[in-house]
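# Structural description and commentary
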Amino acid sequence: MLTFWIEFLIVLGAILLGIRRGGVALGMIGGLGVAILTFGFRAQPSEPPINVMLIILAVVTASATLHVAGGLDWLVQLTEKVLRKHPRRVTLLAPLATFVLTVCVGTGHAVYALLPVISDVALRTRIRPERPMAISSVAAQMGITASPVAAAVTTFLAFAAKSAHPVGLFDILKITLPAGLVGVMAAAFWSMNRGKDLDQDPEFQQRLQDPKFRQALDVSVTTLDKELPRSAKLSVALFFSGVGAIIVLALFPSLIPSFNGKSVPMTTVVQIVMLAFGAFILFATNVKAADIARSSVFTAGMIAVVSIFGIAWMSDTFVSANSSLLVGKIKAMVEIAPWTFALAMFAVSMFVKSQAATLTIMIPFGQALQLPTSLLLGLIPSSYAYFFFAFYPSDLAAISMDRTGTTRIGKYLLNHSFMVPGLIGVGVSTCVAYALSRMAS
């Protein structure tokens with residue numbers, strides 16, 4: 001028992017230290033944790049999550065190529081046109097737009113270009129920008145677990161493929177997509193009446209007395225004046241063709257080649273298709289390979305790969321080495337109240353700034369507890385909780401891009417703009433996903 005708690009503290013300490021250092025440090029310190037567990041405590045190292053890493057590499061490479069070709073910017077411009085056409089409904093349309101954008105491209109980082117537009121539309125309509133800004137940032141991250149090409153979904157797919165009851169990509173999306181939409185809209189409807197209108201907010205009215213503050217508000221922000229390359233629309237068409245191909249193959253597995261009586265795993269199919277369509281975009285748009293490697297989407301994806309490599313390897317090694325003790329102590333509690341596993345996943349995600357990394361840590365734990373795959377599927381939305389401390393880049397970007405100052409971190413740290421929308425969105429989507437998974441099982 002003493003050895004277990006020492007190992008647990010080492011794993012926890014490695015995660016917290018990695019988070020504090022940021023970037024690829026989480027992965028490297030996770031690797032150090034594997035070394036300590038293996039050489040110091042003679043724990044047999046588990047297999048590193050190669051499939052998960054390769055899927056993320058393939059999807060991120062295709063997404064970064066889309067980014068460089070101007071496809072993401074074109075999608076943002078389309079979204080801005082819709083928002084400016086219906087400005088009074090920005091609190092409902094903006095989070096819906098950021099959710100759908102993430103579902104389409106597989107990354108929440110696409111939201112950065114849209115946040116200043118959302119703030120500007122709200123300001124011009126005299127709607128409190130905090131209302132659409134906070135839920136839009138949250139919705140962008142909620143879309144990750146509903147995207148067929150997001151790392152979190154493909155991570156779950158890879159782990160589920162090794163279980164006694166594997167699930168397909170369509171099985172995942174038919175749960176997470178409607179659950180995510182319901183959760184986002186529930187939080188958006190709550191956000192419509194939060195806070196005071198700008199003309200009744202004494203703090204905002206006081207800041208208006210500053211000429212520099214008023215001048216900053218007069219500057220209009222738009223993406224519509226940005227000239228995009230002709231290849232932008234073509235890159236979007238090709239990227240969505242790749243996503244569509246994956247969905248079709250998931251729906252009709254007979255189309256997937258078989259060798260020695262076994263079909264090519266769906267995890268491998270995702271890798272093949274996304275790399276292939278990334279190459280199609282590369283050839284069709286003639287973007288430079290060096291620009292793809294320098295893309296912010298590519299950089300964020302590579303950081304995720306390294307983080308998952310180390311942290312998931314360390315966590316799985318710890319769970320495998322202590323599986324009998326963990327199962328004996330926790331299984332009964334989870335069997336009586338399955339939702340407690342969702343709370344555990346939510347707590348881990350507060351500190352691990354990635355749903356894919358959270359699932360990579362928690363799914364092996366759930367499998368060690370012999371939890372049904374259907375149950376784990378219903379709890380996927382609870383893997384997003386990094387809004388809790390408002391230290392995620394999209395939350396910080398929403399704060400900085402709201403020129404009125406209504407989107408903010410409160411005096412007591414946790415009373416920030418994202419807390420209630422995040423709790424409502426994740427809570428509702430988890431409940432809906434859990435109910436849908438029970439009905440489907």
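By the naming in an unreviewed UniProt entry, the protein chain is Anaerobic C4-dicarboxylate transporter, taken from Anaeromyxobacter oryzae. Note on the protein chain: under the UniProt heading Sequence similarities (unreviewed entry), the record states "Belongs to the DcuA/DcuB transporter (TC 2.A.13.1) family." Checking UniProt for the protein chain, the heading Subcellular location (unreviewed entry) contains the comment "Cell inner membrane".

In this section: the overall build of the protein chain. For the protein chain, the count of helices and strands is 21 helices and two strands. On C-alpha atoms alone, the protein chain measures out to a radius of gyration of 22 Å, which is about the 22 Å that the 2.2 N^0.38 rule sets for 441 residues. For the protein chain, the spread of C-alpha atoms along the three principal axes comes to 65 × 50 × 40 Å. Every one of the 441 residues in the protein chain was classed for burial, and the buried ones make up 53%. Total accessible area on the protein chain stands at roughly 19300 Å², and carbon and sulfur atoms take up 66% of it.

Together, M1, W5, F8, L9, L12, L16 and F351 give the surface a local cluster of nonpolar side chains, amounting to about 670 Å² of exposed area. Among the elements that line the nonpolar patch, the one with the most residues is helix α1 (residues 2-21), at five residues. Tracing the backbone shows L16 in helix α1.

Moving on to the packing of helix α5 (residues 90-105) against helix α9 (residues 169-191). It is at 9 Å that the axes of α5 and α9 come closest, and there the two elements cross at 155°. Between α5 and α9, the crossing angle belongs to the class labelled roughly antiparallel. Remark: the crossing between α5 and α9 carries right-handed chirality. Between α5 and α9, the residues in contact are T91, L92, P95, L96, F99 and V103 and L177, G180, L181, V184, M185, A188, F189 and S191, respectively. When grouped by side-chain class, the residues that make up the contact of α5 with α9 number eleven nonpolar, three polar and no charged.

All right, on to the packing of α5 against helix α6 (residues 115-124) then. Two numbers describe how α5 lies on α6: the axes approach to 11 Å, and their chain directions differ by 170°. As summarised for this structure, α5 and α6 are arranged roughly antiparallel, according to the angle between their axes. Where α5 approaches α6, its residues V90, A94 and T98 are matched on the opposing element by I118, V121 and A122.

Our focus in this paragraph is unusual backbone geometry. Here N260, not a glycine, exhibits a phi torsion of approximately 55°, which is positive. Relative accessible area serves as the criterion here: at 83%, N260 is assigned to the exposed category.

This part covers the environment of K196. Positionally, K196 belongs in the loop between α9 and α10 (202-207). The class for K196 is partly exposed, based on a relative accessible area of 47%. Separated by 126 residues in the primary sequence, K196 and N322 place their C-alpha atoms 52 Å from one another.

Mapped onto the elements, L208 comes out in the loop between α10 and α11 (211-217). Through-space distance from the C-alpha of L208 to that of L123 is 13 Å; in sequence the pair is 85 residues apart. Excluding its chain neighbours within four sequence positions, the residues that come into contact with L208 are F213, R214 and L217.

The terminal C-alpha atoms of helix α4 (residues 71-85), which comprises 15 residues, lie 22 Å apart, in line with the 21 Å expected from a rise of 1.5 Å per residue. Within the sequence span of α4, burial applies to G71, L72, D73, L75, V76, Q77, T79, E80 and L83. As for α4, its buried residues are in contact with α3 (50-68), α5, α6, α12 (231-251) and α15 (296-321).

Turning to the pattern of salt bridges, a few remarks are in order. One pass over the full model with this rule turns up twelve salt bridges. A salt bridge links R403 to D120; the nearest nitrogen and oxygen atoms lie 2.8 Å apart. Of the two residues, R403 is situated in the loop between α20 (393-401) and α21 (419-440) and D120 in helix α6; the sequence distance between them amounts to 283 residues. Salt-bridge contacts for E130 lead to R128; the nearest nitrogen and oxygen are separated by 2.8 Å. Under the relative-accessibility criterion, E130 is labelled buried at 8%. Residues participating in the shared-partner salt-bridge network are E80, R84, D120, R124 and R403.

Cut-offs and rules
Residues numbered from 1 in each chain as written. Predicted model: local features only at pLDDT ≥ 70, side-chain atom pairs only at ≥ 80, totals over all residues. Heavy atoms only, no water. UniProt positions renumbered as here; feature names shortened; annotations may be inferred. Helix = DSSP H or I, 4+ residues; strand = E, 2+ residues; numbered from the N terminus. Rg over C-alpha atoms; globule rule 2.2 N^0.38 Å. Buried < 20%, exposed > 50% of the residue type's maximum accessible area, 1.4 Å probe, protein only. Areas by Shrake-Rupley, 256 points an atom, 1.4 Å probe, with all protein chains shown as cover. Patch = residues over 30% accessible without salt bridge, like charges linked within 9 Å, V, L, I, M, F, W, Y side chains within 5 Å. Salt bridge = Lys/Arg side-chain N within 4 Å of Asp/Glu carboxyl O. Axes fitted to C-alpha atoms, helices over the stretch in contact; angles between N-to-C directions. Parallel < 35°, antiparallel > 145°, perpendicular 65-115°, else oblique. Left-handed = near helix turned anticlockwise from the far one by under 90°. Contact = heavy atoms within 4.5 Å. Nonpolar A, V, L, I, M, F, W, Y, C, P; charged D, E, K, R; others polar. Expected span 1.5 Å × (residues − 1).

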